[in-house]
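# Inside the fold
For reference, the chains in residue letters:
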Amino acid sequence: MIDIKIKNNIAIVTLNRPDAANALSIEMLNEFNKALQIIDNDLNVYCTIITGAGDKAFCAGADLKERKNMSEGEVIQTVRYIGETMNNIERLRMPVIAAINGAAFGGGLELALACDIRIAADEIKLGLTETSLAIIPGAGGTQRLPRLIGLGQAKRLIYTAKPVRAEEALKLGIVEEVTEKGQLIVTAMKLAEAIASNGPIALEQAKTAINRGMQTDISTGLEIEHLSYKQTIPTKDRQEGLLAFKEKRKPRYKGE
């Protein structure tokens, strides 16, 4: 249910349940978390792309057919598991790009929100539609969306449960780029290649400084930035960057 391809320091993770709109069943979540662990432990991966199989859905969120047979306790436990999976995506040490190839509703959008950067195909729709089912986003949506686009717009989208098209999502800041459907992976790969060409330790530390700093006041955030910066100073990659600049060539970073 999860396909992983790793090439040129870039991992592409594909949600592979197109017949079920790539919905997150428990079995799929188990595979997904194993895949995330494999990628995070592979120090040759400098950037990751997450996308969906097929052209209709990126991810429909929770598997509602599976949920129909669950007790209330099991539903709560499963939603917690989905939320933990989103946290694991957010905690990946390298930058993560969501290549949103189709509809992303509920947990599907929450998955994309846990990524660092979002690129959407031009024909897709996305939204946190949970209140239309008499529930609320439970895998990070009520927390990550307001931090991304502001309180008022996030409340409007969550309270109405109405999806938005890719162009409106771009204007709101939910996604960072919109491209033609046929060019989605090409566009995501170009961005991933640009990211992966930089120092991998620097990328990890930049992600740490941004993500942790955004959760606190600016004084503490600046201290987090300073500590992250210090981590890059003793690296061989920093010396390689200086040497490459001097020799007017492309640096060859190794994550050391």
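It should be noted that the structure appears before, not after, this text.
Now for a quick tour of the structure. Note that this is a predicted model, so its numbers are computed, not measured.

Moving on: the overall build of the protein. From N to C terminus, the protein includes 11 helices and 10 strands. Since a compact globule built from 256 residues should have a radius of gyration of about 18 Å, the 19 Å found for the protein is in line with a globular shape. Looking at the protein as a whole, 45% of its 256 residues are labelled buried. Computed over 33 positive and 32 negative side-chain charges, the separation of the two mean positions in the protein equals 3 Å.

The contact between helix α9 (residues 200–213) and helix α10 (residues 218–232) brings their axes to 9 Å, and the two run at 170°. Regarding the angle of α9 to α10, the classification is roughly antiparallel. Contact residues: I201, A202, Q205, T208, A209, R212 and G213 in α9; G221, I224, E225, S228, Q231 and T232 in α10. The residue inventory of the contact of α9 with α10, partitioned by class, reads four nonpolar, seven polar and two charged.

Right, let's talk about the nonpolar core for a bit. Residues I89, I100, L126 and I174 are the most contacted members of the largest nonpolar core, which totals 62 residues. Among all residues touching L126, those that are not within four sequence positions of it are I100, A104, F105, L109, P163, V164, A169, I174 and V175.

Quick look at the pattern of salt bridges now. Evaluated as defined, the whole model comprises 11 salt bridges. Between E204 and R93 there is a salt bridge, with its nearest N and O atoms 3.3 Å apart. Taken together, the residues span a long stretch of sequence, with E204 in helix α9 and R93 in the loop between α3 (72–91) and β5 (96–100) at a distance of 111 residues. The exposure class of R93 is buried, given its relative accessible area of 15%. The residue E123 makes a salt bridge to K181 at a minimum N-O spacing of 3.9 Å. Taken together, the positions of E123 in the loop between β7 (117–121) and β8 (125–127) and K181 in the loop between β10 (177–179) and α8 (184–196) put the pair 58 residues apart, joining distant regions of the chain.

Our focus in this paragraph is the sheet that holds strand β6 (residues 103–105). Judged by pairing direction, the sheet is mixed, and its four strands sit side by side in the order β4-β6-β8-β9 without closing on themselves. Edge strands, defined here as strands with exactly one partner in the open sheet, are β4 (57–59) and β9 (164–165). Bridge analysis of β6 against β8 gives two bridges, and the strand direction is parallel. Bridge pairing links A104 to L126 in β8.

Turning to the packing of helix α1 (residues 26–41) against α3, a few remarks are in order. Viewed as axis vectors pointing N to C, α1 and α3 meet at an angle of 20°, and their least axial separation amounts to 10 Å. It follows from the interaxial angle that α1 and α3 lie roughly parallel. The crossing of α1 and α3 is left-handed. Each of I26, L29, N30, F32, N33 and L36 in α1 lies in contact with α3, whose residues at this interface are T78, Y81, I82, T85, N88 and I89. Residues that form the contact of α1 with α3 fall into these classes: seven nonpolar, five polar and no charged.

Moving on, we come to the sheet that holds β5. With respect to topology, six strands assemble into an open sheet ordered β1-β2-β3-β5-β7-β10, the strand pairing being mixed. Either end of the sheet is taken by a strand with one partner, and the two such strands are β1 (2–7) and β10. Taking each pair of neighbouring strands and ignoring which way they run, the sheet shows an average axis angle of 20°. With six bridges connecting them, strand β2 (residues 10–15) and strand β3 (residues 47–52) associate as parallel partners.

Among the surface-exposed residues, L64, L133 and I135 lie close enough to one another that they form a single nonpolar patch of about 260 Å² accessible area. Among the structural elements, L133 can be located in the loop between β8 and α5 (141–149).

Procedures and definitions
- Positions within a chain are numbered from 1, following the residues in the order the chain's sequence is written.
- In keeping with the predicted nature of the model, local features appear solely for residues at pLDDT of at least 70, side-chain atom pairs appear and are counted solely at 80 or more, and the whole-chain, interface and lining totals rest on all residues.
- Where side-chain values are given, they derive from all heavy atoms of the structure, hydrogens and water being excluded.
- Numbering of helices and strands runs from the N terminus, with a helix taken as a DSSP run of H or I at least four residues long and a strand as a DSSP run of E at least two residues long.
- Here the globule rule is a power law, 2.2 Å times the number of residues to the power 0.38, and the radius of gyration is based on C-alpha atoms.
- Residue burial is assigned from relative accessible area. The probe radius is 1.4 Å, only protein chains are included, and a residue is buried under 20% of its type maximum, exposed over 50%, and partly exposed in between.
- Residues scored as positive are Lys and Arg, those scored as negative are Asp and Glu, and His as well as the terminal groups of each chain are ignored.
- In this description, the location of a charge corresponds to atom NZ of lysine, CZ of arginine, CG of aspartate or CD of glutamate.
- Fitted lines through C-alpha atoms give the axes, limited to the stretch in contact for helices. The angle between two N-to-C directions lies from 0 to 180 degrees.
- Should an angle fall under 35 degrees it is called roughly parallel, over 145 degrees roughly antiparallel, and 65 to 115 degrees roughly perpendicular, with every other angle called oblique.
- Every residue pair with non-hydrogen atoms within 4.5 Å of one another is taken to be in contact.
- Following the grouping adopted for this structure description, the nonpolar residues are Ala, Val, Leu, Ile, Met, Phe, Trp, Tyr, Cys and Pro, the charged ones are Asp, Glu, Lys and Arg, and the polar ones are all others, Gly among them.
- To qualify as a nonpolar core, a set must consist of buried Ala, Val, Leu, Ile, Met, Phe, Trp, Tyr and Cys residues joined through side-chain atoms within 4.5 Å.
- By convention in these notes, a salt bridge is any Lys or Arg side-chain nitrogen within 4 Å of a carboxyl oxygen on Asp or Glu.
- Strands pair, by our definition, only if DSSP identifies at least two bridges between them.
- Crossing handedness is defined as follows: a turn of the near helix away from the far one that is anticlockwise and smaller than a right angle gives a left-handed crossing, while the clockwise case is right-handed.
- Patch membership is restricted to residues that have no salt bridge and whose relative accessible area is over 30%. Joining uses 9 Å for like charges and 5 Å for the nonpolar side chains Val, Leu, Ile, Met, Phe, Trp and Tyr.
- Areas reported here follow the Shrake-Rupley algorithm with a probe of radius 1.4 Å; residue values treat only the protein chains shown as occluding.

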